[in-house]
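Chain by chain, the residues run as shown.
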There are 2 protein chains.
Amino acid sequence: MKVSVILGHPYEESFNHAIAGMVVDTLKANGHDVRFHDLYGERFDPLLQGEELVTDQSDDPLVRSHCTEIREADGIVIIHPNWWGQPPAILKGWVDRVLREKIAYEFASDDDGSGLPIGLLKAKTAVVFNTSNTPEERENNVFGDPLERIWKDCVFDFCGVTGYNRRMFRTIAGSSPKERQGWLDEVKDTVCRYFPQDGIV
Amino acid sequence: MKVSVILGHPYEESFNHAIAGMVVDTLKANGHDVRFHDLYGERFDPLLQGEELVTDQSDDPLVRSHCTEIREADGIVIIHPNWWGQPPAILKGWVDRVLREKIAYEFASDDDGSGLPIGLLKAKTAVVFNTSNTPEERENNVFGDPLERIWKDCVFDFCGVTGYNRRMFRTIAGSSPKERQGWLDEVKDTVCRYFPQDGIV
């Protein structure tokens, strides 16, 4: 399977980078064709400009290559910290610019854009890994965990990716090396569950 | 009152820009000290980099000036379209970089960052204007309107701004000039309600 892995975290020593490393290693060990993008590392420009918004065309070669790739992906893995109940700006910009109309979704020809979208992504499975410093009870009761609706309903279901799974590791602040190792083991198990050895279903 | 107005939309002919124009004109007519920021127009860089994340210090003069200003603001107005149940990346980056720890919130000295924040913004009132192409019923039932929790709970309540109000204009696609004029009248009324003539309470 072709699996796109998208990481949005600025600090190379972060636990998010460790998660990404485990995801990529496990996918490769399982025989998948992995396309890994550290958005900060590749200097992805998150700003959707006016002309790109109006024309639905991008002149940015990196954006164009992301668009081609995400249409071909059989699976998608997203990794980012919970910043204000949302992804970091660089990953939000990846959504804004890459998951554009005609690439990730479209509307019927007689629709002005306020009707029901038709998802165009062929990926069957999306897995989201998040890190957070907010305890689970507070996340659910005080903030309502916006990331769940954002990724599940606003993004993946909208684009036709119905196999959705998400895991939030918390709290990162104050976690022990042993706890982090346990979380990385869980990352490996999760990847193996949703993206088993290629050819074995 | 000092009122900061933050606009996140790339297209100068957008209805978001028209909303911003009405907000600024009304605030000025009411005698307020308005600080208006068209984030695209001022080329705001939304990327929180690793060093800035770790040190909680920014070398970017524009970010530093935003930080100073938002601490002084008595009121805040945010204007943006609903893109994927979230703000555009440029405005998400303004939140990431400007509403930082020690500027907009802090934790008690014995807290590792997983405890309860103490809001530091002195603004009493925040007003959010959104535009959307999603009908209200679909927004609430299918997507769960993540923007409400994001701005109300994740951002403003977190930073100590308890007077929160939000209005989503929809659907923009297919709206008539008369409908848009009615919405702009409503923007004016809303601004006058929450930011009446200075000195008159």
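Residues numbered from 1 in each chain as written. Chains lettered and ligands numbered in written order. Predicted model: local features only at pLDDT ≥ 70, side-chain atom pairs only at ≥ 80, totals over all residues.

**Here's the deal with the overall build of chain A**
This is how it is decided: Put simply, DSSP H or I for four residues or longer makes a helix, DSSP E for two residues or longer makes a strand, and each gets a number counted from the N terminus. Atoms counted for the radius of gyration: C-alpha only. Globule rule: 2.2 Å times the number of residues to the power 0.38. Labels follow a simple rule on C-beta atoms placed from the backbone: if 20 or more others lie within 10 Å of a residue's own, it is buried; if 12 or fewer, it is exposed; otherwise it is partly exposed. Think of it this way: build a C-beta for each residue from its backbone, and any pair within 7 Å is a contact.
A tally of helices and strands in chain A yields 7 helices and 7 strands. Sequence-ordered secondary structure for chain A, helices as α and strands as β, is β-α-β-α-α-β-α-β-β-β-α-α-β-α. In terms of overall size, chain A behaves like a compact globule, its C-alpha atoms giving a radius of gyration of 17 Å where 201 residues would be expected to give roughly 17 Å. Each principal axis of the C-alpha atoms in chain A carries an extent, and together these give about 55 × 45 × 30 Å. For chain A, the residues scored as buried account for 42% of the 201 residues in total. In chain A, the proportion of contacts linking residues at least 24 apart, taken out of those at least 6 apart, comes to 81%.

**Things to note about the relation of the copies chain A and chain B**
Definition in use: Superposing copies: least-squares fit, C-alpha atoms only, residues required to have pLDDT of at least 70 in both.
With an axial shift of 0.0 Å and an RMSD of 0.0 Å, the rotation relating chain A to chain B amounts to 180°. Look at the turn and shift together and you get a two-fold axis relating the two. Of the C-alpha atoms belonging to chain A, the one lying closest to the rotation axis is found on A89 of chain A, 2.4 Å away.

**Here we look at the confidence of the model for chain A**
Defined as follows: The pLDDT value expresses, per residue, how confident the predictor is, ranging between 0 and 100.
Considering every residue of chain A, the mean pLDDT works out to 96; 99% of them sit at 70 or more. Two summary scores accompany this predicted model of the complex, namely pTM at 0.97 and ipTM at 0.96.

**A few points about the nonpolar core**
The test is simple: In these notes, a nonpolar core means any group of buried Ala, Val, Leu, Ile, Met, Phe, Trp, Tyr and Cys residues linked to one another through C-beta atoms within 7 Å.
V23 and V155 of chain A together with V23 and V155 of chain B are the most contacted members of the largest nonpolar core, which totals 105 residues. Excluding residues that lie within four positions of it along the chain, V155 of chain B makes contacts with W84 of chain A together with V95, L99 and I150 of chain B.

**Some details on the sheet that holds strand β7 (residues 163-170) of chain A**
Residue and element names in this part refer to chain A. Quick note on the threshold: Two strands qualify as a pair provided that DSSP identifies no fewer than 2 bridges between them. Every angle, taken between N-to-C directions, lies between 0 and 180 degrees, and every axis is a line fitted to C-alpha atoms, over only the stretch in contact when it is a helix.
As summarised here, the arrangement of the 5 strands in space is β2-β1-β3-β6-β7, forming an open sheet in which the pairing is parallel. Since the sheet does not close on itself, it has two edges, and those belong to β2 (33-38) and β7, each with one partner. When the angles between neighbouring strand axes are averaged without regard to direction, this sheet yields 15°. In the sheet, strand β6 (residues 125-132) pairs with β7 via 8 bridges, with the strands oriented parallel. If you follow T125 over to β7, its bridge partner there is G163.

**Digging into the interface of chain A and chain B**
Put simply, the rule reads: Residues are grouped as follows: nonpolar covers Ala, Val, Leu, Ile, Met, Phe, Trp, Tyr, Cys and Pro; charged covers Asp, Glu, Lys and Arg; every other residue, Gly included, is treated as polar.
The partner chain B presents 39 residues to the 38 residues of chain A that form the contact. Sorting the residues of the side of chain A that touches chain B by element identifies α2 (50-55), α4 (89-98), α5 (136-143) and α6 (146-157) of chain A as the ones contributing at least two each. Per-class residue counts for the side of chain A that touches chain B are 21 nonpolar, 11 polar and 6 charged.

**Let's talk about the pairing of strand β3 (residues 75-81) of chain A**
Burial within β3 of chain A is extensive, with 7 of its 7 residues counted as buried. Of the two faces of β3 of chain A, the one holding G75, V77, I79 and P81 of chain A and the one holding I76, I78 and H80 of chain A are both buried throughout.

**Some thoughts on the packing of α6 of chain A against helix α6 (residues 146-157) of chain B**
This is how it is decided: Roughly parallel covers angles under 35 degrees, roughly antiparallel covers those over 145, roughly perpendicular covers 65 to 115, and oblique covers all other angles. Note on convention: near helix rotated counterclockwise from far helix by under a right angle means a left-handed crossing. Clockwise means right-handed.
Running from N to C, α6 of chain A and α6 of chain B cross one another at 160°; their axes reach a closest spacing of 9 Å. By the angle between their axes, α6 of chain A is roughly antiparallel relative to α6 of chain B. Where α6 of chain A crosses over α6 of chain B, the handedness of that crossing is left-handed. Judged by residue contacts, P146, R149, I150 and C154 of chain A of α6 of chain A engage P146, R149, I150 and C154 of chain B from α6 of chain B. Grouping the constituent residues of the contact of α6 of chain A with α6 of chain B by class yields 6 nonpolar, no polar and 2 charged.

**Here's the deal with the pairing of strand β1 (residues 2-7) of chain A**
Each regular strand shows side chains that alternate between the opposite faces of the sheet. All names here are of chain A. Keep this limit in mind: For a crossover, the right-handed case is the one in which the path from the first strand over the helix to the second runs clockwise, viewed with the strands pointing away from the viewer.
With 5 of 6 residues buried, β1 lies mostly within the body of the structure. Sheet topology note: the β1/β2 ladder contains 6 bridges and is parallel. Looking at β2, one finds that V5 is bridged to F36. Taken together, β1, helix α1 (residues 15-29) and β2 form a β-α-β motif whose crossover is right-handed.

**A closer look at helix α3 (residues 61-72) of chain A**
Convention followed: Multiplying one less than the number of residues by 1.5 Å gives the expected span of a helix.
In this model, α3 of chain A (12 residues) spans 17 Å end to end at C-alpha, consistent with the 16 Å of a helix rising 1.5 Å per residue. In this structure, the buried residues of α3 of chain A make contact with β1 and α4 of chain A.

**Description of the packing of α4 of chain A against helix α4 (residues 89-98) of chain B**
Orientation of α4 of chain A relative to α4 of chain B, taken along the N-to-C sense of each, is 170°, at an axis distance of 8 Å. Classified by the interaxial angle, the pair formed by α4 of chain A and α4 of chain B is roughly antiparallel. Contact residues: α4 of chain A offers A89, K92, G93 and D96 of chain A, while α4 of chain B offers A89, K92, G93 and D96 of chain B. Considering only residue class, the contact of α4 of chain A with α4 of chain B consists of 2 nonpolar, 2 polar and 4 charged.

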